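Fold and geometry: a report
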Amino acid sequence: MLERVKKVKFVDTELYTAFLELTHGRSEEKELAGEIEQAVAVLKINPLTGIRIPKQLWPAAYIRKYGITNLRKCDLKRGWRLIYTLEGN
C-alpha cells in the first residue's frame, strides 16, 4: 500500500506543547490525546476523511497567520474537533 501522507505536524510549538500536556494529564485529557492520535492515524491513510469547511467560514486569523488554502475538520468525541489543513508536495 502506498502511504499518502509523509508528515503530520502541528501548526506551532504552542499547540504541540498543549497536546503533550494532554498525554500526561487526567484520564479524560489522556483520552482526548488518544482520540487525536487515532484521528491522525486515520488521516494519514485518507487525508480527505474529514469534512471540508467552506472558505467563508475560515477564521481570518488562520489565513493571515498560517496562509491556509484549505481547511477541514474531523469530529472527535464529546464535541471536540480536530481542525487541519493539507499541503501538497
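Coordinates for the structure precede this section.
Here the structure is a predicted model, which is why all the values come from computation and not from measurement. (Residues numbered from 1 in each chain as written. Predicted model: local features only at pLDDT ≥ 70, side-chain atom pairs only at ≥ 80, totals over all residues. Heavy atoms only, no water.)

**Side note on the pattern of salt bridges**
Put simply, the rule is: The salt bridge criterion pairs a side-chain nitrogen of Lys or Arg with a carboxyl oxygen of Asp or Glu, the two atoms within 4 Å. Here a strand is any run of E in DSSP of at least two residues, a helix any run of H or I of at least four, and the numbering for each starts at the N terminus. Relative accessibility under 20% of the residue-type maximum defines a buried residue, over 50% an exposed one, and the middle range a partly exposed one, all with a 1.4 Å probe and only protein chains included.
Applying the stated rule across the entire model yields five salt bridges. Salt-bridge contacts for Glu31 lead to Arg78; the nearest nitrogen and oxygen are separated by 3.7 Å. Here Arg78 lies in the loop between strand S2 (72-75) and strand S3 (81-84) and Glu31 lies in helix H2 (residues 27-45), a separation of 47 residues in the sequence. The class of Glu31 is partly exposed, set by a relative accessible area of 34%. Overlapping salt bridges bring together Arg26, Glu28 and Glu29 as one network.

**Comments concerning the side chain of Glu35**
Rules: The charge count treats Lys and Arg as positive and Asp and Glu as negative. His and the chain ends do not count. In what follows, a contact means two residues having at least one pair of non-hydrogen atoms within 4.5 Å.
Along the polypeptide, Glu35 turns up in helix H2. One buried charged side chain, Glu35, makes no salt bridge at all; its nearest oppositely charged neighbour is Lys77, positioned 4.8 Å away. Filtering out sequence-adjacent residues up to four positions away, Glu35 remains in contact with Leu76 and Lys77.

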